[in-house]
Every structure is written in C-alpha cells, then in structure tokens.
Amino acid sequence: MGQPQRPVSLRRSRARSVLALTFAFSLFASPVSAAEVPPCRVGDEVVSYDGGRWSRAVIDTWWRLSSSYAPNDLLSVWRANISGRGKVRGFLMGDFSAMAADARAQGIRLAVQSAYRSYWAQASTFREWVRKIGLARATKTSARAGHSEHQLGTAIDFKSPGGPVPWDNYPRWDRTPISRWLAANAWRYGFVQSYPKGAYETTCYLYEPWHYRYVGRDIAYEIHGSGQPPRVWMLNHPTPSPSPSPTPTATPAPQPTLEPTLEPTIEPTAGPSIVA
C-alpha cells in the first residue's frame with residue numbers, strides 16, 4: 001500500500017520553499033551563472049587590481065581601474081611586425097607576434113587602430129564621443145575613464161591596413177577577411193572578442209568586432225569553449241584568493257632533566273610553508 005499523499009497545495013508550498021532556499025543558497029555557495037550575471041549598471045567602483053590579475057579582471061560600466069594605474073612594461077605593436085600605432089604589455093608580445101605571422105601566412109595582414117590608453121586619454125576619448133553622439137549613446141559604445149579595458153594594456157582595436165578606423169566602416173568591417181579571420185582564430189593565440197554580437201545585456205557595450213583582449217591561451221580556450229562573453233566567464237571564474245600562510249606554532253622550550261643524556265637527539269621541525 002502506498003504512502004498517504006499530502007494535499008497538493010501543501011506539496012506545492014513546500015516545493016516553492018525548497019526552491020527558494022536552494023536559489024538563495026546557490027547565490028553564496030556557487031559561482032554566478034550566465035543567467036545571474038549582474039546587470040550593466042553605471043557606477044564607479046574601483047576594482048582591487050595590482051596588475052597581476054590581468055587575465056580575469058572585470059572592467060565594465062560599474063567596475064573601473066584607478067586613475068593612477070598604468071602598466072610599466074609597455075612595448076610598441078611594431079615589435080610584433082604589425083602596422084599601426086599603440087603599445088601593449090610585453091608579456092603578450094610572443095603570442096601577438098605568432099598570431100600576426102600565422103595570419104600573414106594565410107594572406108591576412110593585421111593592423112592596429114589603438115591599444116593601451118591611459119586613464120586620462122580615455123577621459124578625453126569619451127568626452128569626444130559624448131560631443132559627437134550624446135551621452136546616452138556614448139555610454140553604450142565608449143567607456144568612461146577607468147572603465148576601458150584598454151587601460152589594462154592588453155586590449156587592442158584592430159583595423160584593415162591603410163583603411164579607415166573600423167567603427168567608421170561598420171557594419172561592413174565585420175565582413176572583411178581580417179574580421180572573419182580574427183573571429184575564427186584569435187582565441188588560439190590568447191585573444192578573445194570582448195563585446196560579441198547580440199550580447200549587450202551581458203557585456204554592457206554594443207558589438208565591437210574589432211576589439212580583442214588578451215587573456216592568455218589557456219583562458220581563451222576556456223572562454224571560447226564556453227560560448228560565453230568574456231565578462232560572463234570571468235564573473236563565473238573569479239581569480240582565486242591566495243591561501244593565507246599558516247601561523248607557525250611556537251615550539252615549547254625543553255625542560256631540564258635530572259639526568260642529562262649523553263647524546264641528545266634533535267628532532268627536525270618543518271618550517272612554515274610559503275605561498276607564492
């Protein structure tokens with residue numbers, strides 16, 4: 001004989017309670033999912049960033065870098081045998097050069113429209129866009145000072161060699177051989193498209209087929225495989241906090257004995273571990 005059934009209303013009420021508790025717990029116990037990514041709000045929260053978390057730092061309309069942050073290892077994009085102007089951080093130059101060389105081997109010549117921008121250069125850029133298209137539209141297509149990935153020194157706006165700036169040629173630019181090649185291959189060299197098409201609600205900026213950010217080959221592989229925009233993936237995979245170094249326990253001083261031993265034995269003690 002089966003168990004007596006609870007009233008439907010009671011079962012539904014308890015089910016709703018369980019679902020509510022599960023959802024509340026999940027907000028604290030698990031990474032944020034794509035559906036739960038924080039909305040694109042406008043704010044000025046300074047991200048805790050020391051330059052060492054360049055691959056996962058979320059820079060958007062809410063989070064920003066401080067006005068004093070500037071990389072100290074910038075190199076000209078010419079070092080990668082690429083035409084254009086601007087500088088990028090030195091550690092990405094190897095993958096940048098490899099990407100440019102492989103593209104040339106396939107008949108694609110990359111060029112750079114812009115790369116690193118300081119806080120103050122971005123402030124000037126944003127003011128100019130506001131003057132041209134108004135504040136409401138500018139906040140969707142340009143970043144306020146501190147809110148641009150270009151300040152990281154790992155973001156690049158590509159262009160066609162000798163051609164106009166890509167956004168002046170939009171939407172035709174995303175159909176050029178360069179744009180298509182980058183969309184299909186940039187991730188193999190550690191670069192991801194920050195603002196893909198149709199993802200404004202989760203990227204906070206409109207589609208920019210020319211804007212790529214270097215995150216390293218391993219993370220680029222993960223982002224590409226996830227099918228998520230970089231901002232969503234990064235919020236799901238925040239930089240792990242380093243484990244605190246254990247506090248060494250003081251070894252008690254040995255007590256004198258009535259009859260000292262002839263050859264005292266010294267037991268080795270393990271030193272405190274060092275967390276890199």
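Sequence positions are assigned chain by chain, starting from 1 and proceeding in written order. Only residues with pLDDT of at least 70 are given local features in this predicted model, and only at 80 or more are side-chain atom pairs given and counted; all residues enter the totals for whole chains, interfaces and linings. Note that the side-chain values use all heavy atoms of the structure and ignore hydrogens as well as water.

Here we take up the overall build of the protein chain. In this description a helix means any DSSP run of H or I spanning at least four residues, a strand means any run of E spanning at least two, and both kinds are numbered starting from the N terminus. Across its full length, the protein chain holds eight helices and nine strands. The buried label goes to any residue with under 20% of its type's maximum accessible area, the exposed label to any with over 50%, and the partly exposed label to all in between, with areas taken from a 1.4 Å probe on protein chains only. Burial statistics for the protein chain: of 276 residues in total, 38% are counted as buried. Whether two residues touch is decided by their heavy atoms; if any such pair falls within 4.5 Å, the residues are in contact. Counted over contacts in the protein chain with a minimum sequence separation of 6, partners at least 24 positions apart contribute 65%. For every accessible area listed, the method is Shrake-Rupley and the probe measures 1.4 Å; residues are considered covered only by the protein chains on display. When the accessible surface of the protein chain is split by element, carbon and sulfur atoms take 57% of a total near 17000 Å².

Before going further, it helps to spend a moment on the layout of surface pockets. Taken as a whole, the largest pocket encloses approximately 700 Å³ of empty space. Lining the largest pocket are 30 residues, with Trp129, Thr141, Trp167, Glu208 and Trp210 sitting closest to its centre. Looking at the lining of the largest pocket, the elements that each hand over two or more residues are strand 6 (111-114), helix 3 (119-133) and helix 4 (135-141). Only protein atoms enter the 1 Å grid used here, on which a cavity is any set of points holding a 1.4 Å probe that cannot leave and a pocket is any open set flanked by protein within 12 Å on both sides along at least five of seven lines; residues with an atom within 4 Å of a point are listed as lining. Grid points are joined across faces, edges and corners, and a volume is the space filled by probe spheres set on the points.

Before going further, it helps to examine the pattern of salt bridges. Salt bridges are identified by distance alone: a Lys or Arg side-chain nitrogen within 4 Å of an Asp or Glu carboxyl oxygen. Per the counting criterion, the structure on display carries nine salt bridges. The shortest N-O distance in the salt bridge between Arg213 and Glu149 comes to 3.1 Å. Placement of Arg213 in strand 9 (residues 211-214) and of Glu149 in the loop between helix 4 and strand 7 (155-159) is noted, with a sequence separation of 64 residues between them. Within this structure, Asp44, Arg64 and Arg144 form a network of salt bridges that share partners.

A word on the sheet that holds strand 9. Two pairing modes exist for strands in a sheet, parallel and antiparallel, and in both the strands are linked by backbone hydrogen bonds. Taken in spatial order, the five strands make up an open sheet running 4-6-7-9-8, and their pairing is mixed. Every interior strand has two partners, whereas the edge strands, strand 4 (83-84) and strand 8 (191-193), have only one. Only when DSSP finds a minimum of two bridges between them are two strands counted as paired. Inspection of the sheet shows strand 7 paired to strand 9 by three bridges, in the antiparallel sense. Looking at strand 9, one finds that Asp157 is bridged to His211.

So, on to empty space enclosed by the protein. A complete count under the given rule lists two cavities of 30 Å³ or more for this structure. In this count, Pro and Cys sit with the nonpolar residues alongside Ala, Val, Leu, Ile, Met, Phe, Trp and Tyr, while Asp, Glu, Lys and Arg are called charged and the others, Gly among them, polar. Split by residue class, the lining of the largest cavity holds six nonpolar, two polar and four charged. In this model, the second largest cavity occupies a volume close to 50 Å³. The wall of the second largest cavity is formed by Val42, Thr61, Phe126, Thr139, Ser142, Ala143, Arg144, His147 and Tyr205. Classifying every residue of the lining of the second largest cavity gives four nonpolar, four polar and one charged.

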